[in-house]
Every structure is written in C-alpha cells, then in structure tokens.
Amino acid sequence: MTAQQIGLKDRLWKELALKAELNTDGIAISREALEFIAPGVKTQEQVHTLFEMDFEIHDDELPAYLRLDHGLVVPFRWNPDARHRIVLDGNRTIVVKDDEQLAEAHFPERPAYYGQKTSDGAVMATIGSLGSDRQFFVAYSNECSYKDKGEDCLFCNINFTKDTYGEKSGIFWKTAKQIGETYAEVHRQGLVDHVNITGGVIPERRELEYYLDVADAIRKHSGVEDFNGTAVVAAPIDLRNLDRFREAGYRTVGLNLEFWDKGIYNAICPGKARDSGGWDHWLRAIEYSVGVFGHGNVRSNFVGGIEPKKSLLAGIQYLADKGAVGTASIWCPNPGSDLEGHRAPEPQWYLDLGHKIAAIWKKAGFTWANLYDSNASVDTLQHDIWRIEAETLPIFQRATLAAE
C-alpha cells in the first residue's frame, strides 16, 4: 500500500466517524442551502416509501442523501435541532458544527426517470427510488395487517407515514405493471444493478401471488431475465412458498427478524410475535431460505440500538454460522412511532457495532456480491467498514484519490 493510499484510508476512517454522527443525530440545513440544491428539481429528493426517517415531519422537499468529501454516503435525516447543519458557502454546501467547517456535502443529480410517468400516469419516482449504489428500491404499499389489530411494531411508523403524507407523496399500492414499466426505464437508462421489493405485512397467499406477478412484469417490460431481485417477505407458515420466490426469479430473499432477544422481540413486535409462527418460526424460515437461495443470499435485518449489543451480535453470529447475512440499521426513533422521542445510542456505539459485524461477515466467507445482492442498501456503517478494510473503494473515492 502506498503512502497516498494509507493517507486516504486514514481520512476515510475520520469521515466514517462523521457519518456515524450524522446518521445517529440527524442534520439540519439552512434555507439558503436548501434552495440552492433544489431537491426535486436539480438534485434527488426523498421519496416517502415505507417510513418517514426524518426526525420531524415536513412540507419541504428534502434531499435523499449526500456524499462527503471522500465518497461515503450519508442518508439525509433531517433534524432541525441538530448541531450539525448544512450551510451555503458561495456555490458549495458545507457541513458545519458549532461554526467549524467539517466537510463539503455533495448532492446527487435528480435521476432522469424521476420526472417520467408510467402508462397509467403514475410518477415513476413514487414507484421506485434509486439508491446511491445502483439499487432500485420499491415499497409496493404501506399496508400492514398488524395495524387493525393494534399490534404495530413499536419502532415502526409505516402506517403513520401513510396517514401523514398520503397519495400525494406516492404512498399507494403499486401495481405489478407500474413496477415493471419503471424498472424497464431505469434499466434502459443504465442506472440499476439490484432490485429490492418490500412493503408492509400482508396475508401470506396475497403476498406470494403479488411477488410472482412483479417478477413476471419486470421481465416482460424490460426483457431482463435475471433482474437480481430481493424479495423482502414475512416468514410464510408454509416454508415451501420460499421455493416459489426462487423459482420466480428472485436471486435473494430478506426476512427481517428485527431483534435477537425473544423477550424484547415479543414486547416491541407484538404482531410478528403472534403471527407468522412467532420468533422461532421466523428463524426456521431464515434457515430454510439458505437451503433454497444459497450461502450469503439470505438477509435478516436487526434494529440496532434497542436491544443490548451483546445480544444483537449473538444473533448476527448465529445467522452467519447458518449462511445468512445479518445486518443492523441505525435506529431512528421515527415520528409517529410508539418510540418517538426516545434516543438512539451514541455514534461510537454504532461504529463499534459496525466493526464487529464486518468481522463476522469476513469470517463467514461472505463475498461483496453476497452483501450487495442481499441488501436494500450498502450505505451502512458495516458495509463502509468492509470496503475501507478491503480497499474496494467506490469510483467516487478513487477519483478523489487520483486528483490528490
């Protein structure tokens, strides 16, 4: 490794620490900076899909994400009371904290397809959003069967998001045809390498048939046979239904267990605890899925920051030993959720967690293809740690290195 490469890695570790702070505590933005970047016009805007991930609800268009100086991607989580804020400095947008300039914030251009419509007039941006690493994210609905039973997950605001933003923000049931047409256009524009299909928990039979229809529509409208799709589903009572997803053309599957500690799971996820066979059956479904999709091609996400780290890591390790990729998100106490107003752990807690997860992945023999294909986003701290340590720097970072 050259001195130049060592220097970049050191800067990346510092940038990662800043990213952890922005992820955990959120970020504010000045009116001048917001008008300058013009989300929804010049730069890519947030699309309300499953959740409101900002600290407060809002009427303004806000950016989807930003890149820091050396290329690390930070999801934009608006917090008007955050110490970190983005301000305008000439024609640059700068991240500052207590008036100290920390980094430049680079916002992505608005994808061309965001301004296009499907054949029935739906705005394509509301059908599927584009992630920073060529990942196409479809939330087909905010319908969750736990709502009517009063058994929503306590950390979740999926139903609140629908009630707050409604159809005007693209929160409606997406048809298979709409998804197929939008994917075809994104593929035509050369923007996509992976598709993630997800939504609220719906009855098993209806879910299976819907996912099969979506796979057929993607192939029909795009002409792409292997679209590298992840089906994010509830654990089916009949585990043989998982074979059907594989037969339909999905390369990977996601079954999000949320918590490893059963007591916490039962308290925080009452609907999941009582339906779909409960915690034990969800785990059996994950293990069964590995046999169907293969080592490293099954993902289960945990809400990082509610249960003890020791417990969470025990779950990540268990899944890795079984061939499933366990991931952990940074918990946002979402507005409208039962845990609104609580606080996530400190940024260093998440950095330590990310390092430990990346080490588990490496020991399990997961490849970058496994980690990319099975996840809805590869902008987590653990994914960044994996890439920094493996020196598989994204193009943006390599360009930065070449210019120095």
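Since the structure is predicted, the reported quantities are computational estimates derived from the model, not experimental observations. (Residues numbered from 1 in each chain as written. Predicted model: local features only at pLDDT ≥ 70, side-chain atom pairs only at ≥ 80, totals over all residues. Heavy atoms only, no water.)

J.: Can you tell me about the sheet that holds strand E11 (residues 250–254), naming the residues and giving the values?
T.: Here seven strands make up an open sheet; going across it, the order is E7-E8-E9-E10-E11-E12-E13 and the pairing mixed. The open sheet has two edge strands, strand E7 (129–130) and strand E13 (325–330), and neither has a second partner. Of the strand pairs in this sheet, strand E8 (residues 135–139) and strand E9 (residues 194–198) are connected by five bridges, and their pairing is parallel. Bridge pairing links alanine 139 to threonine 198 in E9. (Pairing = 2+ DSSP bridges. Helix = DSSP H or I, 4+ residues; strand = E, 2+ residues; numbered from the N terminus.)

J.: Which residues make up the sheet that holds strand E1 (residues 28–29), and what values go with them?
T.: Pairing is mixed across the open sheet formed by four strands, whose spatial order is E1-E4-E5-E6. Of all strands in the sheet, those bounded by a partner on one side alone are E1 and strand E6 (100–104). The pairing of strand E4 (residues 84–89) with strand E5 (residues 92–97) spans six bridges and is classified as antiparallel. When the sheet's bridge partners are listed, arginine 85 is paired in E5 with valine 96.

J.: Got a sec to walk through the confidence of the model for the protein? Specific residues and values, please.
T.: Fine structural detail should not be taken from predicted coordinates in areas where pLDDT scores are low. Put simply, the protein has an average pLDDT of 91, and 94% of its residues get 70 or more. Across residues 398–404, confidence stays below pLDDT 50; counting only partners more than four residues off in sequence or on other chains, it has nine contacts. (pLDDT = per-residue confidence, 0-100. Contact = heavy atoms within 4.5 Å.)

J.: Got a sec to walk through helix H14 (residues 381–390)? Specific residues and values, please.
T.: Across the 10 residues that make up H14, a large majority, eight, are buried. Within the sequence span of H14, burial applies to Leu381, Gln382, His383, Asp384, Ile385, Trp386, Arg387 and Ile388. After H14 finishes, the residue glutamate 391 shows a positive phi value of roughly 60 degrees. (Buried < 20%, exposed > 50% of the residue type's maximum accessible area, 1.4 Å probe, protein only.)

J.: If you had to explain the packing of helix H12 (residues 347–364) against H14 to someone new, which residues and values would you point to?
T.: For the pair H12 and H14, the least separation of the axes is 8 Å and the interaxial angle reads 60 degrees. Compared by their axis directions, H12 and H14 come out oblique. Both H12 and H14 take part in a crossing whose hand is right-handed. Side by side, H12 and H14 meet where Tyr350, Leu351, Gly354, His355, Ile357, Ala358, Trp361 and Lys362 of the first sit next to Leu381, Gln382, His383, Ile385, Trp386 and Glu389 of the second. Residue composition of the contact of H12 with H14, grouped by class: eight nonpolar, four polar and two charged. (Axes fitted to C-alpha atoms, helices over the stretch in contact; angles between N-to-C directions. Parallel < 35°, antiparallel > 145°, perpendicular 65-115°, else oblique. Left-handed = near helix turned anticlockwise from the far one by under 90°. Nonpolar A, V, L, I, M, F, W, Y, C, P; charged D, E, K, R; others polar.)

J.: Kindly report on the packing of helix H11 (residues 309–322) against H12, identifying the contributing residues and their values.
T.: Packing of H11 against H12 brings their axes to within 10 Å, and their N-to-C directions diverge by 20 degrees. With respect to H12, the element H11 is oriented roughly parallel. Crossing handedness for the pair H11 and H12: right-handed. For the pair formed by H11 and H12, the contact residues are Lys309, Leu312, Leu313, Ile316, Gln317 and Ala320 on the first element and Trp349, Asp352, Leu353, Lys356, Ile357, Ile360 and Ala364 on the second.

J.: Break down the side chain of asparagine 301 for me, with residues and values.
T.: The residue asparagine 301 is located in strand E12 (residues 298–304) in this model. When its relative accessible area of 17% is taken as the criterion, asparagine 301 is described as buried. A polar contact is formed between the side chain of asparagine 301 and the side chain of threonine 327, at a distance of 2.7 Å. A polar contact of 3.4 Å, which involves the side chain of asparagine 301, links it to the side chain of serine 329. (Polar contact = N/O pair within 3.5 Å; in protein donor to acceptor, adjacent residues only side chain to side chain.)

J.: Account for the state of the cysteines, with residues named and values stated.
T.: For the structure shown, the criterion picks out zero disulfides. Cysteine 156 carries a free sulfur, and the closest cysteine sulfur to it, the one in cysteine 153, is 6.0 Å from it. Accessibility expressed as a relative area gives 16% for cysteine 156, which makes it buried. Of all cysteine sulfurs, the one in cysteine 153 lies closest to cysteine 269, which takes part in no disulfide; the gap is 3.7 Å. (Disulfide = S-S within 2.5 Å.)

J.: Quick rundown of the environment of aspartate 216? Include the residues and the values.
T.: Mapped onto the elements, aspartate 216 comes out in helix H6 (residues 204–222). With a relative accessible area of 44%, aspartate 216 lands in the partly exposed category. Spatially, the C-alpha atom of aspartate 216 lies 8.6 Å from that of glycine 249, the residues being 33 residues apart in sequence.

J.: Can you lay out the side chain of serine 337 for me, pointing to particular residues and giving the numbers?
T.: Along the chain, the position of serine 337 falls in the loop between E13 and H12. Once residues lying within four places of it in the same chain are set aside, the contact partners of serine 337 are Leu154, Phe155, Cys156 and Asn157.

J.: So, the environment of aspartate 120: which residues are in play, and what are the values?
T.: Along the polypeptide, aspartate 120 turns up in the loop between E6 and helix H3 (124–127). Separated by 235 residues in sequence, aspartate 120 and histidine 355 place their C-alpha atoms 46 Å apart. Looking at aspartate 120, its side chain comes within polar contact range of the side chain of glutamine 178, at 2.9 Å.

J.: Outline the pairing of E9, supporting the account with residue identities and numerical values.
T.: The element E9 is extensively covered by neighbouring structure, given that five of its five residues are classed as buried. Bridging between E9 and strand E10 (residues 229–232) involves three bridges; their strand directions are parallel. Pairing of asparagine 196 across the sheet is with threonine 230, part of E10.

J.: Which residues make up the environment of glycine 336, and what values do they have?
T.: Within the element layout of this structure, glycine 336 appears in the loop between E13 and H12. C-alpha of glycine 336 to C-alpha of asparagine 241: the two residues are 95 residues apart in sequence and 33 Å apart in space. In this structure glycine 336 touches Asn157 and Phe160, once residues within four positions along its chain are discounted.

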